[in-house]
Amino acid sequence: MTATTLLDDATQARVVAAYLKRHPEFLSEYPDLAAKLTMPREQGAVSSLAVYQLQSLRDKNAELERRLAELIEIAAENEKLMERVHALTVALLRANTMEVTARTVAAKLSADFHTEQVRLLLFGDEPQLPRAEWLQQIAGGAEALPEFAEFLQHSEPVSGRLSAEKLTRLFGPNAGQIRSVAMMRLGDSGILAIGSHDPDRFQPGMGTLFLKMIAATITAALARSRDIS
């Protein structure tokens, strides 16, 4: 049994009070404790501890309000993205040929998603597809893209910065303008790449839910168009 446990309550209270007098910064180091202390209801000026408690609560409220505002902003952005993904899906459902499907992908991603560069790399050789800067037909399939071999082994989208070799393969003479990229595998149909002039537009570790949804929608639309034709 220690000496402290032998002291009565009054003596222990005096010991605590003396300690706090010698260490006035104690509550600053333990703000949670200060928030839990209660003050006597007295008339006149509010004590400094009560002011400290009030300020602590205000700070916590301000932080909660800031976080809530961020969540509301994120929710609003996600709602807009969902609307754009829905619009893309509806437009692709109306497409009845490979050409219309490919053109719809390029047009909707460029206009609705405000992207500077869109690239469709489709495996195979479809004579009805248009000759366009945004479309590459890869007759040799995945084996003809060795620089993307590792990426094509997985189904996860990739976002961020790419090597100069990959940028050139995707965007050709426009590669020097691209600062960040979102790249999606379209099943066995090919690759979709979205390039931005903004280095922060697509970053490693960013959420990929909407990228997956876009990739799945386009993959299904391409397969449907092939079946129709």
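The structure reproduced in this document is the subject of the present report.

The rules behind each value
- Residues numbered from 1 in each chain as written.
- Predicted model: local features only at pLDDT ≥ 70, side-chain atom pairs only at ≥ 80, totals over all residues.
- Heavy atoms only, no water.
- Helix = DSSP H or I, 4+ residues; strand = E, 2+ residues; numbered from the N terminus.
- Buried < 20%, exposed > 50% of the residue type's maximum accessible area, 1.4 Å probe, protein only.
- Contact = heavy atoms within 4.5 Å.
- Salt bridge = Lys/Arg side-chain N within 4 Å of Asp/Glu carboxyl O.
- Patch = residues over 30% accessible without salt bridge, like charges linked within 9 Å, V, L, I, M, F, W, Y side chains within 5 Å.
- Areas by Shrake-Rupley, 256 points an atom, 1.4 Å probe, with all protein chains shown as cover.
- Pairing = 2+ DSSP bridges.
- Axes fitted to C-alpha atoms, helices over the stretch in contact; angles between N-to-C directions.

**Points about the side chain of Ser-189**
By the element assignment, Ser-189 lies in the loop between β4 (180-185) and β5 (190-196). For Ser-189, a relative accessible area of 9% corresponds to the buried category. If we skip the residues at most four places from it in the chain, Ser-189 touches Leu-121, Leu-122, Phe-123, Leu-222 and Arg-226.

**Topic: the environment of Met-213**
Checked against the element boundaries, Met-213 lands in helix α9 (residues 209-228). Relative accessible area serves as the criterion here: at 25%, Met-213 is assigned to the partly exposed category. For the pair Met-213 and Met-82, spaced 131 residues apart in the sequence, the C-alpha separation amounts to 9.5 Å.

**Some words on the pattern of salt bridges**
Applying the stated criterion across every chain yields a total of eight salt bridges. Glu-147 is the salt-bridge partner of Arg-169, the closest N and O atoms lying 3.8 Å from each other. You can see Arg-169 sitting in helix α8 (residues 164-171) and its partner Glu-147 sitting in the loop between β2 (135-138) and α7 (149-152), a full 22 residues away along the chain. The class for Arg-169 is partly exposed, based on a relative accessible area of 26%. The partner of Asp-188 in a salt bridge is Arg-185, and the shortest N-O contact between them spans 3.3 Å. Owing to a relative accessible area of 67%, Asp-188 belongs among the exposed residues under this scheme.

**Some thoughts on a nonpolar patch on the surface**
A cluster of nonpolar side chains, namely Val-16, Tyr-19 and Leu-20, defines an oily patch on the protein surface of about 250 Å² accessible area. Tracing the backbone shows Val-16 in helix α2 (residues 9-22).

**Here's the deal with unusual backbone geometry**
Residues other than glycine predominantly adopt negative phi, and peptide bonds predominantly adopt the trans conformation. Look at His-114: it is not a glycine, yet its phi comes out positive at around 55°. Along the chain, His-114 turns up in the loop between α6 (98-111) and β1 (117-123).

**Considering the sheet that holds β4**
An order of β2-β1-β5-β4-β3 is seen for the five strands of this open sheet, with the pairing classed as mixed. Taken across any chain shown, the strands that pair with only one partner, and hence form the sheet edges, are β2 and β3 (158-160). Each adjacent strand pair in this sheet contributes to an overall mean axis angle of 10°, direction not counted. Pairing analysis gives six bridges linking β1 to β5, with the strands arranged antiparallel. Residue pairing across strands places Leu-120 opposite Leu-192, the latter belonging to β5. In the packing of α6 onto the sheet, the strands contacted are β1 and β5, and the crossing angle to β1 comes to about 155°. Running over the sheet, α9 touches β1, β4 and β5 and is turned about 50° from β4.

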